[in-house]
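Inside the fold
Okay, here's what each chain looks like letter by letter:
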Amino acid sequence: MHRRLIVPSALAATLLLAIPASAATSSPGAPGIGDPYYPASGNGGYDVSHYDLRLTYQPATDLLQGTATLLTTPQQPLSRFNLDFGLPVSEVRVGGRKADFAKEGDQELVITPAAPLEKGRPVAVVVRYAGKPSELSIGGWTAWHRTPDGGVAAQEPDSAVWWFPSNDHPLDKATYDISVAVPDGTQAISNGVLQSQSSRLGWTRFNWRSNRPQASYLATLAVGKFDITTDRTADGLPILNAYSKDLGDNAGAARASVERTGEVAEWLTGIFGPYPFNALGGYVPNVKSGYALETQTRPFYSPRQFANGANVSLVVHELAHQWYGDSVSVDGWKDIWVNEGFARYGQWLWSEKEGEGTAQELADWVYAQHPADDAFWTVKPGDPGPDKQFDLAVYDRGALALQALRNEIGDEDFFAILKGWPTEYAYKNAKVGDFVAFAERVSGKPLAALFDTWLYEPSKPAAPAAANARAARSESVAPQPPASWKKIAATNSVHDHGH
Ligand code: TRP
Ligand code: ZN
């Protein structure tokens, strides 16, 4: 080591390049990124900046094959590292050279490069693979929805493991180029802008680009036979919606909801500030499951959610997530309130604007719905635990917390916060505590006690002063839900799919 100090610098540089980080100073990357809710999620030791997925999918057999190229930067001298992935792998190259690899458990791919990797020096990792996503069951569940005409990857908190190798945690966001070839007459839908599509020898290749930082669970793939509509927002951003040709009775209601995407996004821009991405849309495949997911730029909607007619409130929820969840993402999964509390509150604001019940009326209704001994009040929206991560309380009590904040600081500061936060933390990760600090900074008021009460107390808080009179009244009159209630509740009848 000392010798390097006395050789001329050009020679020293050559020596440094020639000498790989020694095995003694390099070490394996951790098999998880350090999220206590999901210890296996993500990995340590490196950061991914870009994913290039070049895939082929055959609907008849559910065979997905392709090559994933990950641009990575080691954050430590790395002797080996993990990717999260479930499908069978045939070859791995790191910096162009063949690397050893082995599957460990259901979802860890352990890669040992020919030589240790230098800290801070970008290196491309290439993974070739082929397999049937429907054959993977991890912990007894799947993110892959097989349909009669194809398949769909959409799930939270993770879905990537079923279709591409990744550092599978929102802390490591990256840009994506997703290119998928499918038989002519079938479409492949994904995130961002459809750059091009071309047909050759019976296969059509769809080239998608999502060029703003994106969490791995927000990447999506849907293969099937779709009707596609396109449009532009007033600001000129492309809108692309896709509807399975096989939606049956739900086809009209699905379109009457998702075709409102541009209008809803424009309205949300007035509340949350500039739309954070450069494309919009939604897709409705013919899956059986009953939930929606805020997949980046292009939310996933289940046909079942339109069985009782159009639900624009659901579109409001998924689009609100583009600001709250997708652009500003959780730091750890315990911070899920920074996603769901606000997406639900966005629905309350839409109700208020549509004249179907004010946010205060919805807050009063939610508060009155759950008596003090209801288990609803034992869930802490600020740290619900992995089993209760998507509990109704994260949504409804989470939105109650925001109404309590609004009543405490007034509309002017409250809406300044709703608009300021997505800019302050755009494309980053945030903790619940970061929001509390931000709200205190904007309002100039101490708010720790208020948030402790609404996000962390495992019991029913006393009715907030501003709502006392109303709460008393709603107990003496036959309680009537606000007109928007059914549509809002329909959003979360489906939120029971946690890990
Ligand atoms: N984040 C989704 C929403 O609120 C709901 C959700 C929770 C979900 N858990 C899920 C979706 C599991 C799919 C799978 O819109
Ligand atoms: Zn949500």
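As a reminder, the structure under discussion sits directly above these lines.
These notes cover the structure that comes with them. All values reported here derive from a predicted model rather than from experimental measurement. (Residues numbered from 1 in each chain as written. Chains lettered and ligands numbered in written order. Predicted model: local features only at pLDDT ≥ 70, side-chain atom pairs only at ≥ 80, totals over all residues. Heavy atoms only, no water.)

Once that is clear, we can look at the nonpolar core. In summary, soluble globular proteins display a tendency toward joint burial of nonpolar side chains. With 83 residues, the main nonpolar core has Trp337, Trp348, Leu405, Phe435 and Phe451 as its most contacted residues. If one sorts the elements of this core by residue count, helix 8 (residues 392–409) sits on top with 10 residues. Ignoring anything within four residues of it in the chain, the contact list for Phe435 reads Trp337, Phe342, Leu402, Leu405, Ile417, Trp421 and Phe451. In terms of nonpolar packing, the next biggest core, distinct from the first, is built from 59 residues, Leu55, Leu64, Trp141 and Leu221 among them. (Core = buried A, V, L, I, M, F, W, Y, C linked by side-chain atoms within 4.5 Å. Buried < 20%, exposed > 50% of the residue type's maximum accessible area, 1.4 Å probe, protein only. Helix = DSSP H or I, 4+ residues; strand = E, 2+ residues; numbered from the N terminus. Contact = heavy atoms within 4.5 Å.)

A word on the coordination of the zinc ion (ligand 2). Donor atoms from the polypeptide that bind the zinc ion (ligand 2) are His317 (NE2), His321 (NE2) and Glu340 (OE), placed at 1.9 to 2.0 Å. Each of the four donor atoms bound to the zinc ion (ligand 2) contributes to angles spanning 96 to 138°, and the resulting shape is irregular. Within one chain, the residues donating to the zinc ion (ligand 2) are spaced in sequence as H-x3-H-x18-E. Here His317 pairs with His321, and both are found in helix 5 (residues 312–323), just four residues apart, close to one helical turn. (Donors = N, O, S within 2.8 Å, 3.2 Å for Na, K, Ca; no water. Tetrahedral: all angles 85-135°; square planar, octahedral: opposite > 155°, others 65-115°.)

With antiparallel pairing, the three strands of this open sheet are ordered in space as 3-7-6. Looking at which strands have only one partner, the edges of the open sheet turn out to be strand 3 (81–84) and strand 6 (100–104). Looking at each pair of strands side by side, their axes are set apart by 25° on average, direction ignored. Here strand 3 runs beside strand 7 (residues 108–112); their pairing, made up of four bridges, is antiparallel. Residue Leu83 lies in a different strand from strand 7, and its bridge partner there is Leu109. (Pairing = 2+ DSSP bridges. Axes fitted to C-alpha atoms, helices over the stretch in contact; angles between N-to-C directions.)

Turning next to helix 3 (residues 251–258). Of the positions making up helix 3, those classed as buried are Ala253, Ala254, Ser257 and Val258. For helix 3, the arc enclosing every buried residue in end-on projection is 115°, short of the 170-degree limit, so these residues lie on one face. Tucked inside the fold, the buried residues of helix 3 contact strand 17 (238–244), helix 4 (261–272), strand 18 (280–284) and helix 5. (Arc of directions from axis to C-beta.)

Taken as a whole and assessed by the stated rule, the structure comprises 35 aromatic pairs. Ring centres of Tyr275 and Trp323 lie 5.5 Å apart, and the angle between their planes is 75°; this geometry places the pair in the edge-to-face category. Taken together, the residues Tyr275 in the loop between helix 4 and strand 18 and Trp323 in helix 5 connect sequence positions 48 residues apart. As far as burial versus exposure is concerned, Tyr275 and Trp323 are alike and both buried. When the ring centre of Tyr367 is taken as reference, the NZ or CZ atom of Lys460 above it lies at 4.2 Å. (Phe/Tyr/Trp six-rings, centres within 6.5 Å; stacked < 30°, edge-to-face > 60°. Lys NZ or Arg CZ within 6 Å of the ring centre and 35° of its normal.)

Here the focus is the sheet that holds strand 14 (residues 203–214). The mixed open sheet is built from eight strands, whose spatial order is 5-4-8-2-1-11-14-13. The sheet terminates laterally at strand 5 (97–98) and strand 13 (193–200), the two strands that pair on one side only. The pairing of strand 4 (residues 89–94) with strand 5 spans two bridges and is antiparallel. Paired with Arg93 across the two strands is Lys98, which belongs to strand 5.

Looking at the element boundaries, Gln155 is found in the loop between strand 10 (150–153) and strand 11 (174–183). Of the polar contacts made by the side chain of Gln155, one reaches the backbone oxygen of Thr142; its length is 3.2 Å. Of note is the side chain of Gln155, whose polar atom sits 3.2 Å from the side chain of Tyr291. (Polar contact = N/O pair within 3.5 Å; in protein donor to acceptor, adjacent residues only side chain to side chain.)

Here we take up helix 10 (residues 432–443). Here helix 10 spans 17 Å end to end across 12 residues, near enough to the 16 Å set by a 1.5 Å rise per residue. Taken together, the buried positions of helix 10 are occupied by Val432, Phe435, Val436, Phe438, Ala439 and Ser443. When helix 10 is viewed along its axis, its buried side chains cluster within an angular range of 165° and face the same direction. Of the surrounding secondary structure, the elements contacted by the buried residues of helix 10 are helix 6 (337–354), helix 8, helix 9 (411–424), strand 20 (429–430) and helix 11 (448–456). (Expected span 1.5 Å × (residues − 1).)

Everything listed here is a matter of coordinates, which is why it stays silent on function.
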